[in-house]
Amino acid sequence: MKIAVVILNWNGVELLKKFLPSVVHYSPEATIYVADNASTDDSVSFLKANFPDVHIVVNQHNYGFARGYNEALQHIQADIYALVNSDIEVTENWLQPIISNFNNEPQTAIVQPKILDYKNKKKFEYAGAGGGFIDKYGYPYCRGRIFETIEEDKGQYDDETSIFWASGACFFIRSSVYHELKGFDDDFFAHQEEIDLCWRVINHQHTIKYNPNTTVYHVGGATLDQSNPKKTYLNFRNSLFMLVKNLPKKSLLPILFTRLILDGIAGLKFISQGKSTHCWAILKAHFSFYLSFSSNYKKRSRFQTPHYYKVKSIVYQYYLNNGKVFVN
């Protein structure tokens, strides 16, 4: 099975210096690519000088995560794409358990490893942790991370299991499925495009797995920190885009109505915390959602999965029912 490890880079030469050596050292089974999103630093010259065996695909512009990968993967032939953030440290034999999933499970289209925090290796990392889920209203959460509560890894999620979404920080996908579904949605630019793709994968009757037998360490926030209002804007906007595209038709409008109210409450919470720029980011996300509703609606598949969530409202569970940790 041919595997391509593809690292998307934009002005990340320092991250490449720090983390690419571990990827090269521990990935003898794979061909390694760096997809460069028109960096203006010396990323490309650094790669050519120091990693001659790493293939470079240069995009014409900074297309963000979604289109950046879509453009680059047109030029990469492999059975499995391993999409890996530039701020990921991998470990010895990290590919073998994942390869086993794909070899033995024909219905498995996407796999995510265990993702721990590079800065505190005993804790799960925000973006992915032990595998992702969403609630009825499209709010994402993970085994090991619900909103801002992040658990210590004590082996509580060491079971291999089906999940709803895999983190884009370390995202393995069959290339045939990726291209069949036309990859990530370019309009997302960055954030939650992997959840949208996972939802479409599930709608087409494929399975997504979490494999705890492989661990990677993620810095997180290397491109956009959690405190950046642009990240808030993209997360709220893209989540609404995703709901329009993937919700069952009969529940689309009622869920969107509730979701918009919940987003308004989130905006008020930001104001109470003195984070008015984040409230404004939510308002801008809603305006963009209204303007793009028609175009997103046209992207709807004829397939939708009615039973896509485990928890009706993770907001209720977390804030009103003290549900701070994942319950199977």
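What you are looking at is a predicted structure, and each value in this text was computed from that prediction instead of being measured.

In terms of nonpolar packing, the biggest core is built from 75 residues, with Val6, Tyr69, Tyr81, Ile110, Phe164, Phe171 and Phe184 touching the most fellow members. At eight residues, the largest contribution of residues to this core is made by helix H7 (residues 229-246). If sequence neighbours within four positions are ignored, Phe171 has contacts with Tyr81, Ala82, Leu83, Ile110, Val111, Ala166, Phe184, Glu194, Leu197 and Cys198. In this structure, Val5, Val54, Ile80 and Ile99 belong to the second largest nonpolar core, which totals 30 residues.

Turning our attention to helix H1 (residues 13-25). Taking 1.5 Å of rise per residue, the 13 residues of H1 would be expected to cover 18 Å, and the 18 Å separating its terminal C-alpha atoms lies within 8% of that figure. At Phe19, H1 shows its maximal kink, close to 45°; a proline, Pro21, follows between one and four residues later. All of the buried residues in H1 are Val13, Leu16, Phe19, Leu20, Ser22 and Val23. Buried-residue contacts for H1 involve strand E1 (3-9), strand E2 (30-36), helix H2 (43-50) and strand E5 (88-89).

For the rest of this paragraph, the subject is the layout of surface pockets. Using a probe with the size of a water molecule, rolled over the atoms, empty space left in the structure can be pinpointed. The calculated volume of the second largest pocket comes to roughly 390 Å³. Those elements that place two or more of their residues in the lining of the second largest pocket are helix H5 (175-180) and H7.

Counted according to the given criterion, the structure contains one cavity of 30 Å³ or more. Computed from the structure, the largest cavity encloses a volume of approximately 40 Å³. Looking at the largest cavity, the residues that line it are Ile7, Leu15, Leu16, Phe19, Leu20, Val23, Val84, Asn85, Ser86 and Ile88. It is H1 that provides the largest number of residues to the lining of the largest cavity, a total of five residues. Of the residues contributing to the lining of the largest cavity, the split by class is eight nonpolar, two polar and no charged.

Thresholds, definitions, all that
Residues numbered from 1 in each chain as written. Predicted model: local features only at pLDDT ≥ 70, side-chain atom pairs only at ≥ 80, totals over all residues. Heavy atoms only, no water. Core = buried A, V, L, I, M, F, W, Y, C linked by side-chain atoms within 4.5 Å. Buried < 20%, exposed > 50% of the residue type's maximum accessible area, 1.4 Å probe, protein only. Helix = DSSP H or I, 4+ residues; strand = E, 2+ residues; numbered from the N terminus. Contact = heavy atoms within 4.5 Å. Expected span 1.5 Å × (residues − 1). Bend = angle between axes of the 7 residues up to and from the residue. 1 Å grid on protein atoms, 1.4 Å probe; cavity = no way out; pocket = protein on both sides within 12 Å on 5 of 7 lines; lining within 4 Å. Points joined across faces, edges and corners; volume = space filled by probe spheres on them. Nonpolar A, V, L, I, M, F, W, Y, C, P; charged D, E, K, R; others polar.

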